[in-house]
Amino acid sequence: DLAARMAERAADVVKYLMKQGQMVRVNDVLDQDTAELIVSDFGHVVKRVSESDVETGFIAEDDPEDTKKPRPPVVTVMGHVDHGKTSLLDALRATDVVAGEAGGITQHIGAYQVNLKSGEKITFLDTPGHAAFSAMRARGAQATDIVILVVAADDGVMPQTVEAIKHAKASGAPIIVAVNKMDKPDANPNKVLQDLLQHEIVVEQMSGDVQAIEVSALKKTGLDNLTEAITLQAELLELKANPDRPGDGVVVESQVEQGRGSVATVLVKRGTLKRGDIVVAGAQWGRVRALIDERGQQLKEIGPSQPAEILGLDGAPEPGELFAVVENEARAREIADYRQRQKRQAATGSGGGASLEQMMARLQQSEQQEIHVVIKADVQGSAEAIAQSLEKLGNEEVHARAIHAAPGGVNESDVMLAKASKAPVIAFNVRANKQARELAEAEGVEIRYYSIIYNVLDDIKAALEGMLSPEQ
Ligand code: GDP
């Protein structure tokens with residue numbers, strides 16, 4: 001394609017790259033820098049096809065002149081299994097003030113909006129598990145504005161609570177704690193708040209800045225306080241978007257359904273998505289035949305922070321992939337085709353980006369000053385020991401940081417957390433389960449196995465020095 005656009009022979013471009021030591025085939029996708037270099041070396045003027053960058057997601061930056069309007073917050077609920085995530089989401093859904101009128105049975109589409117008495121709205125992402133949350137982030141889609149951390153008052157902070165805290169912190173989204181099951185006789189909210197302190201969550205009751213709200217999803221108490229806490233946090237975040245532009249955003253869920261074809265739930269981040277628009281979503285494209293909300297109602301258009309199912313794509317994009325309205329079918333085809341090739345290439349080639357080596361490369365290009373790692377070990381003691389020793393390596397310029405260190409085998413959640421933070425997983429005296437291994441392979445996350453702490457430190461030190469060195 002590049003050769004054609006320059007009116008040169010493809011073989012010449014391939015030959016040129018080979019001389020530079022880059023072995024490429026005619027249909028391989030080049031990164032933007034290489035492409036620009038080739039174009040200027042062949043004596044042509046570099047001109048981007050459009051402002052939108054096909055490679056990194058084709059979403060054009062907002063013009064600062066654009067008028068931005070407030071948008072509802074997008075909230076994800078996380079927490080330990082059985083602490084009441086599903087119950088809380090159901091209870092919150094039931095507080096919707098217009099739900100009654102519309103009636104109808106709700107279907108699960110992965111996201112829904114609640115209309116509050118105050119007239120404000122909150123969008124909830126209803127995707128199970130932390131892995132989904134990180135999968136989205138890993139693909140560059142920061143969909144969540146606020147994380148609700150559900151902790152059962154009769155059970156306290158548990159392993160997945162800690163995991164959720166890591167995911168939330170890594171994403172930078174503020175946390176609101178929902179202390180659930182307050183109706184239980186053995187509820188002990190103070191213990192929950194104490195437990196949280198150990199994980200650097202200091203709630204307002206303890207002079208911190210994290211809101212903690214006592215609720216019962218079962219008895220439906222405290223829900224107004226919780227939604228108020230969310231709107232208060234949202235105000236602080238000053239969430240705004242420009243609705244008057246072509247829509248773009250993120251894919252929340254998708255599948256191919258019998259009789260309906262490909263069905264994708266999307267969440268608009270900016271602009272307005274209308275029925276009839278031509279969209280590209282990940283490596284798929286299509287004309288939006290229908291927009292449907294979780295009550296099965298047909299919509300004409302959706303704006304910022306609004307979710308809906310869309311029908312009409314030619315396949316199922318992956319959760320976390322970006323979508324955007326494009327000007328015409330030809331453009332949509334071009335981008336989708338490009339991405340499909342890029343995906344195939346990533347599947348066979350290196351792709352990903354979460355190995356120690358790739359991290360070193362990024363450090364050398366000083367895109368990054370910190371090496372992140374996820375540590376899993378056989379016992380808590382070694383996980384902590386490794387994390388602490390790691391953080392002593394390096395200097396002010398470059399250092400290592402364990403974004404997660406916990407006992408247990410490597411699971412899918414670890415891999416997604418690693419992927420999202422472009423970090424390798426250090427497995428110390430533990431193995432990865434099958435799903436984790438497969439996911440790591442698919443996502444290009446490196447899992448490094450060790451049984452001697454010294455070796456871990458040695459490798460990380462080498463990686464840090466690698467970027468410290470050569471030309472100083
Ligand atoms: P999840 O695994 O976090 O989604 O938890 P669920 O919402 O499935 O809830 C797990 C169990 O806790 C279910 O049996 C719920 O009925 C129960 N549960 C959830 N919230 C409450 C609550 O506020 N009070 C009491 N007593 N039980 C609750």
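Residues numbered from 1 in each chain as written. Predicted model: local features only at pLDDT ≥ 70, side-chain atom pairs only at ≥ 80, totals over all residues. Heavy atoms only, no water.

## Side note on the packing of helix α2 (residues 10-19) against helix α3 (residues 32-41)
Angle between the axes and distance between the axes: these two values describe a pair of packed helices. Relative to each other, α2 and α3 sit at 110°, their axes nearing to 11 Å. In this view, α2 runs roughly perpendicular relative to α3, as classed from their interaxial angle. Counted together, Val-13, Tyr-16 and Leu-17 of α2 and Thr-34, Leu-37, Ile-38 and Asp-41 of α3 form the full contact between these two elements. For the contact of α2 with α3, the residue count by class is 5 nonpolar, 1 polar and 1 charged. (Axes fitted to C-alpha atoms, helices over the stretch in contact; angles between N-to-C directions. Helix = DSSP H or I, 4+ residues; strand = E, 2+ residues; numbered from the N terminus. Parallel < 35°, antiparallel > 145°, perpendicular 65-115°, else oblique. Contact = heavy atoms within 4.5 Å. Nonpolar A, V, L, I, M, F, W, Y, C, P; charged D, E, K, R; others polar.)

## Comments concerning the confidence of the model for the protein
On average, the protein scores 85 in pLDDT, and the residues at 70 or more come to 87%. Counting contacts from residues 50-59, a segment whose pLDDT is below 50, to residues more than four positions away or on other chains yields 25 contacts. Scored below 50 in pLDDT, residues 468-472 makes 2 contacts in the model with residues more than four places away or belonging to other chains. What the predictor reports for the complex is a pTM of 0.71 with an ipTM of 0.99. (pLDDT = per-residue confidence, 0-100.)

## What about the packing of aromatic side chains?
By the definition in use, this model includes 2 aromatic pairs. Sitting over the ring of Tyr-449, Arg-431 keeps its end group 4.3 Å from the ring centre. (Phe/Tyr/Trp six-rings, centres within 6.5 Å; stacked < 30°, edge-to-face > 60°. Lys NZ or Arg CZ within 6 Å of the ring centre and 35° of its normal.)

## Digging into the sheet that holds strand β2 (residues 74-79)
Pairing is mixed in the open sheet, where 6 strands are placed in the order β3-β4-β2-β5-β6-β7. The strands lining the two open edges of the sheet, one partner per strand, are β3 (111-115) and β7 (212-214). Along the sheet, successive strands turn relative to each other by an average axial angle of 30°, direction set aside. As defined by bridge partners, strand β5 (residues 146-152) adjoins strand β6 (residues 175-180) across 6 bridges and the pair is classed as parallel. Note that in β6 the partner of Ala-152 across the bridge is Asn-180. Relative to β3, helix α4 (residues 85-94) is tilted by about 45°, and along the sheet it contacts β2, β3, β4 (121-125), β5 and β6. Lying on the sheet, helix α9 (residues 223-237) is in contact with β2, β4, β5, β6 and β7; it crosses β5 at an angle near 150°. (Pairing = 2+ DSSP bridges.)

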